[in-house]
Amino acid sequence: MQCHNTKDAYGKMSIALHWLIALLVLGMLAVGYVMEFALPEGSDDIEDVMKFYHVSTGFLVLGLMTFRLIWVHVSGLPDPAPDLEGWEAKVSKAVHWGLYALLIAMPLTGYVMSASGGKEGEPERILPFFTPGVVPNIVGRDHDLHEFMEDVHLYLSFVVLAVVAAHIGAALKHHFVLHDGVLARMIPHLAKKD
Ligand code: HEM
Ligand code: HEM
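Now for a look at the structure at hand.

Quick notes on the rules
- Residues numbered from 1 in each chain as written.
- Chains lettered and ligands numbered in written order.
- Predicted model: local features only at pLDDT ≥ 70, side-chain atom pairs only at ≥ 80, totals over all residues.
- Near = placed C-beta within 6 Å.
- Helix = DSSP H or I, 4+ residues; strand = E, 2+ residues; numbered from the N terminus.
- Nonpolar A, V, L, I, M, F, W, Y, C, P; charged D, E, K, R; others polar.

This part covers the site of ligand 2. Within the structure, ligand 2 sits among 21 residues, and A22, V25, H96, A171 and M186 are positioned closest to it. Among the elements of the structure, α1 (12-38), α3 (86-116) and α4 (143-176) are those that each provide at least two residues to the shell around ligand 2. Here the shell around ligand 2 takes six residues from α1, the largest share from any one element. Looking at side-chain class alone, the shell around ligand 2 contains 15 nonpolar, five polar and one charged residues.

What follows covers the site of ligand 1. Within the structure, ligand 1 sits among 25 residues, and G32, G58, G110, L154 and S157 are positioned closest to it. Mapped onto the shell around ligand 1, the elements with two or more residues apiece are α1, α2 (44-75), α3 and α4. A total of seven residues in the shell around ligand 1 trace back to one element, the largest contributor, which is α3. Across the shell around ligand 1, the residue classes tally to 15 nonpolar, seven polar and three charged.

Right, dumping it as structure tokens:
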């Protein structure tokens, strides 16, 4: 199997990026919601560790998404799956580009939210990245911006959740109900068995 995409198929690189980023983003959503809504009072230490991994992995997603966009530019995208109706091909394209935009917007809003946060009298925070890196704070403390970005990060995460659920539902419906080759485009192993 080739590394580049062709007119008919995703190549190895796009498939690897799809599954790596999908796993990371599902993990980010889970850790985000646990950190925000499910930790009992007095779990500050655990919350700090989760936040460190959440922020660091978020930057990793941003880096991988940037590379993914470059890869789309270099390698192109396959034509829509031949099994899709005309309207389905349009919706699926819109969903895919919507996901690209969301997966770039999530880390950016997370960055601005974190960078603009902090209390009076405390040093401005340098954002953590997997050891030994730090990411500079180019935003600076701004309470109103921080509050606004907190809302944007939260509500965008609900949109990601809804779109990803619809996306996974559609992929599974194509495979288990319609028995066509759409899922096999992202799991070539399935195609060999047919
Ligand atoms: C794909 C990337 C990301 C996803 C899917 C994601 C998702 C989430 C979710 C679901 C939450 C819990 C709900 C909420 O309070 O908003 C959350 C919280 C949070 N995220 Fe992210 N996030 C991402 C990237 C980032 C990045 C890059 C940063 C920082 C640089 C960040 C910083 C935070 C912080 C600080 C919180 C806690 C908010 C609070 O204390 O109110 N996130 N994230
Ligand atoms: C069980 C989980 C998942 C399944 C079964 C799945 C399945 C698929 C399939 C079959 C395609 C190719 C569709 C086509 O050829 O027209 C695809 C594309 C895509 N998926 Fe997923 N996916 C899953 C999870 C995710 C998640 C969690 C995300 C985002 C966080 C995601 C983002 C995308 C994007 C952006 C594309 C378009 C790829 C491109 O054209 O570059 N997927 N997915």
